[in-house]
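Reading the structure
Each chain is listed here by its residues.
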Amino acid sequence: MKTSLKKYSVREISDGFVYNEFEGKGLYGLSGRLTIQPEYQRAYIYADGKKDVAVINSLLAGYPLGLIYFNRVSNDKLEVLDGQQRITSFGRFVSGKFAIEDENGMQQYFTGLAKDKQQKILDSEILVYECEGTESEIKEWFQIINIAGVPLKTQELLNAVYSGPFVTKGKEEFSNSQNANIQKWSSYILGVANRQDFWERALEWVSKDKTNIGAYMSKHRTDSNINEVKTYFNSVIDWVSSVFVDVKPEMRGLEWGRLYEDFHSDSYNPSEVAAVVEKLYSDPFVRNHKGIFEYILGGQTDTKILEVRVFDDAVKNSRYTRQTADAKMKNESNCPLCALGNDANKSKIWSLPEMDADHVAAWSKGGTTTPDNCQMLCKTHNRAKGNK
C-alpha cells in the first residue's frame, strides 16, 4: 500500500460537484476526477440538519475536519476511501442543497453568506492521504480507518467487503429511501433504509441466519440481479401481512424470517387471528405484547413468551402459610399433588423456596393471576404440570 499526504481546498474538491438525492448515484467532485461514493461506501447519512451543519460551522470556525483518505484508481481518477460524509456535506452546502443559521438566527444558503465567509469555506484546506494498492488492501484498510464519526454498521462493512453488481442492485432496491415500499416494510422491520437495515434483513432472511450473510454475499457477489433475495423477502412480508391483518407497533423488529420458516406452511384464519390478538392485547396479565404473534403462530401453547404476570411475593407467602397450616393438620404434604401420591413425599412439608406459585386454572384456559387462583406446588410438580 502506497500513501502520500496532500492538501486540497474545499473549492477544488467541490469543483464540478454533482449530487443526486437517490443514494449511491452521481456523487462526484474534483471536476469529475473524484468519485465521492464508490459502491462499497455507505449511503449519505449526515443530512439531518445537525451533522451536516456542524461540518460547515467547523469550516467557518477554522477547525480541521480531520484526515480524509482517497484511493487512487488510475492516474487521473480518485475515489473517497474515508471522509465521504464530510465531503458530501460541504459539497451539498456549496451547491445550495441546505442552509445554516447565521449569528442573527437567520437561515442562510451558501450564496446568501457574506463574501468573506464564502471565501473562508472555499479556501479551507483539507488534508488528504492518497492511497494506492490492491482491491483487497484498499477494502481491508477501509474497515480499519473508520474514523468518520459515525461507526460503520455491520452491513455497511459487508457491502464494502463484497462490493460488486450484487451489492449495487441490493442497495438500489433496499437502501433507497424513495422506494414506495419502505412504509410497508417499516411495519415489520426496525431501522432505516440509508443505514442498510432493510437490505440486511432481506439478506438475513434469504440466508436463514445473520451469521450467514457474508457467505451468501460472497457467493452471489458477481450476480447481476437480486431476484432470489427480493422473492424471498416479499414472500415473508406478504405472509406476515396476510396472517396479521392489523398492524401493531410491537411487530417491528420481530424475527419474521425465522417465524416464516417455522410456520408459513400452517393455516391461519386472519379474522380469528385478529380476534385473538385483540383479546391478548386487552388482557392485563400479558406483559410481553411482542410475544403475542409467535404465541399465536405456535398454536397458543407457549405462554412463557407472553410473560404472563406471576403472583407477587405477598400472595405466595399468604398461600404458602395457609396451605402449610392445613397440611400439618391433615398430616399430609403442603404440595397438593404430592399429597395425592403414594411415595415418601406424601406427607413432606416443603419450605417456601422449594415451591412455586401455580395457577389452579391455567391462564391459557381462562385462569386469572389473582389470589383465589393461586396454589403452591413443589418445583417438580409445578414443572410437570405445565399448562394442564
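Every chain's residues receive numbers from 1 upward, in the order its sequence appears when written. Per-residue local features are limited, in this predicted model, to residues with pLDDT of at least 70; the limit for side-chain atom pairs, both in listing and counting, is 80 or more; totals at the level of whole chains, interfaces and linings are taken over all residues. To get the side-chain values, take all heavy atoms of the structure and skip hydrogens and water.

Looking now at empty space enclosed by the protein. Empty space among the atoms becomes apparent when a probe as large as a water molecule is rolled across them. In this analysis a 1.4 Å probe is tested at points of a 1 Å grid over the protein atoms alone, and where it fits but cannot get out there is a cavity; an open set with protein on both sides within 12 Å along at least five of seven lines is a pocket; lining residues have an atom within 4 Å of a point. Grid points are joined across faces, edges and corners, and a volume is the space filled by probe spheres set on the points. One pass over the full model with this rule turns up two cavities of 30 Å³ or more. Volume-wise, the second largest cavity comes out at about 40 Å³. Taken together, Phe 244, Val 245, Asp 246, Val 273, Ala 274, Val 277 and Glu 278 make up the lining of the second largest cavity. Residues are grouped as follows: Ala, Val, Leu, Ile, Met, Phe, Trp, Tyr, Cys and Pro are nonpolar; Asp, Glu, Lys and Arg are charged; all remaining types, including Gly, are polar. Grouping the amino acids of the lining of the second largest cavity by side-chain chemistry returns five nonpolar, no polar and two charged.

Let us now look at the packing of aromatic side chains. For any pair of aromatic rings, geometry is given as the distance between the ring centres together with the angle between the planes. When two rings of Phe, Tyr or Trp (its six-membered ring) have centres within 6.5 Å they constitute a pair, described as stacked for plane angles under 30 degrees, edge-to-face for angles over 60, and tilted for the intermediate range. Here the structure, examined in full by the defined rule, presents 20 aromatic pairs. Aromatic side chains Phe 166 and Tyr 216 sit 6.2 Å apart centroid to centroid with 55° between the ring planes, which places their arrangement in the tilted category. Of this pair, Phe 166 sits in helix 7 (residues 165–174) while Tyr 216 sits in helix 10 (residues 213–220), and the two are 50 residues apart along the sequence. As far as the burial class goes, Phe 166 and Tyr 216 line up, both buried. Relative to Phe 233, the ring of Trp 185 has its centre 5.0 Å away and its plane inclined at 85°; by these criteria the two rings are edge-to-face. Separated by 48 residues along the polypeptide, Trp 185 in helix 8 (residues 182–185) and Phe 233 in helix 11 (residues 227–243) bring together distant segments of the chain. Three or more aromatic residues joined by ring pairs make a cluster, and in this case those are Phe 166, Phe 174, Trp 185, Phe 198, Trp 199, Trp 205, Tyr 216 and Phe 233. As a reminder, the over-ring test applies to NZ of lysine and CZ of arginine, requiring each to be within 6 Å of the ring centre and within 35 degrees of the ring normal. Positioned above the aromatic ring of Tyr 281, the side-chain terminus of Lys 248 is 4.7 Å from the ring centre. One Lys or Arg, Lys 348, reaches over the ring of Trp 350 and ends 4.6 Å from the middle of that ring. Think of it this way: any DSSP run of H or I at least four residues long counts as a helix, any run of E at least two long counts as a strand, and we number them from the N terminus. The buried label goes to any residue with under 20% of its type's maximum accessible area, the exposed label to any with over 50%, and the partly exposed label to all in between, with areas taken from a 1.4 Å probe on protein chains only.

This part takes up the environment of Ser 351. Relative to the helices and strands, Ser 351 resides in the loop between helix 16 (336–339) and strand 9 (355–359). Each C-alpha atom of the pair Ser 351 and Val 80 lies 69 Å from the other, and the pair is 271 residues apart in sequence.

Moving on, we get to the side chain of Ser 175. For Ser 175, the location among the structural elements is in the loop between helix 7 and helix 8. A polar atom in the side chain of Ser 175 sits 2.7 Å from the side chain of Gln 196. Residues adjacent in sequence count toward polar contacts only when both atoms are side-chain atoms; beyond that, a polar contact is any pair of N or O atoms within 3.5 Å, and within protein one must be able to donate a hydrogen and the other to accept it.

Moving on, we get to the environment of Ala 180. Mapped onto the elements, Ala 180 comes out in the loop between helix 7 and helix 8. Relative accessible area serves as the criterion here: at 74%, Ala 180 is assigned to the exposed category. In this structure the C-alpha to C-alpha distance between Ala 180 and Ala 275, which are 95 residues apart in sequence, comes to 30 Å.

Now for the sheet that holds strand 2 (residues 28–29). If you walk across this open sheet you meet the six strands as 1-8-4-5-3-2, and the pairing is mixed. The sheet terminates laterally at strand 1 (2–9) and strand 2, the two strands that pair on one side only. Pairing between strands requires that DSSP locate at least two bridges from one strand to the other. In this sheet, strand 5 (residues 77–82) lies alongside strand 4 (residues 68–74) in antiparallel orientation, the contact comprising five bridges. Its bridge partner lying in strand 5, Phe 70 is registered against Val 80. The strands that helix 3 (residues 84–94) touches are strand 4, strand 5 and strand 8 (125–132); relative to strand 5, the one it contacts most, it runs at about 115°. Residue contacts are counted whenever heavy atoms from the two residues lie within 4.5 Å of one another. All axes are obtained by fitting lines to C-alpha atoms, using only the stretch in contact for helices, and the reported angles, taken between N-to-C directions, cover 0 to 180 degrees.

Our next topic: the nonpolar core. Here, nonpolar core means buried Ala, Val, Leu, Ile, Met, Phe, Trp, Tyr and Cys residues that are tied together by side-chain atoms lying within 4.5 Å of each other. Judged by nonpolar contacts, the single largest core of 50 residues is most densely connected at Phe 174, Val 229, Trp 239, Phe 244, Trp 256, Leu 280 and Ile 296. Residue contributions to this core peak at eight residues, all from helix 11. For Trp 239, the residues in contact, after removing those within four places along its chain, are Trp 256, Leu 259, Tyr 260, Phe 263, His 264 and Leu 297. By size, the runner-up hydrophobic cluster in this structure holds 30 residues, among which are Val 55, Leu 65, Phe 98 and Leu 113.

Attention now moves to the side chain of Asn 176. Within the secondary structure, Asn 176 sits in the loop between helix 7 and helix 8. From its side chain, Asn 176 meets the backbone nitrogen of Gln 178 in a polar contact 2.9 Å long.

Now for the pattern of salt bridges. Note on definitions: salt bridges are taken to be side-chain nitrogens of Lys or Arg within 4 Å of carboxyl oxygens of Asp or Glu. Using the criterion set out here, one finds 17 salt bridges in the structure. With a closest N to O distance of 3.8 Å, Lys 230 and Glu 173 form a salt bridge. Of this pair, Lys 230 sits in helix 11 while Glu 173 sits in helix 7; the two residues are 57 residues apart in sequence, bridging distant segments of the chain. What makes Glu 173 buried here is its relative accessible area of 19%. Glu 204 is paired through a salt bridge with Arg 201; the nearest N and O atoms lie 2.8 Å apart. Note that Glu 204 and Arg 201 are positioned in helix 9 (residues 197–207) at a spacing of three residues, about one turn of the helix. Overall, Glu 204 belongs to the buried group, its relative accessible area being 19%. In this structure Arg 201 comes out as buried when scored by relative accessible area, which is 15%. Overlapping salt bridges, with partners in common, bring together Glu 255, Arg 258, Asp 262 and Glu 294 in one network.

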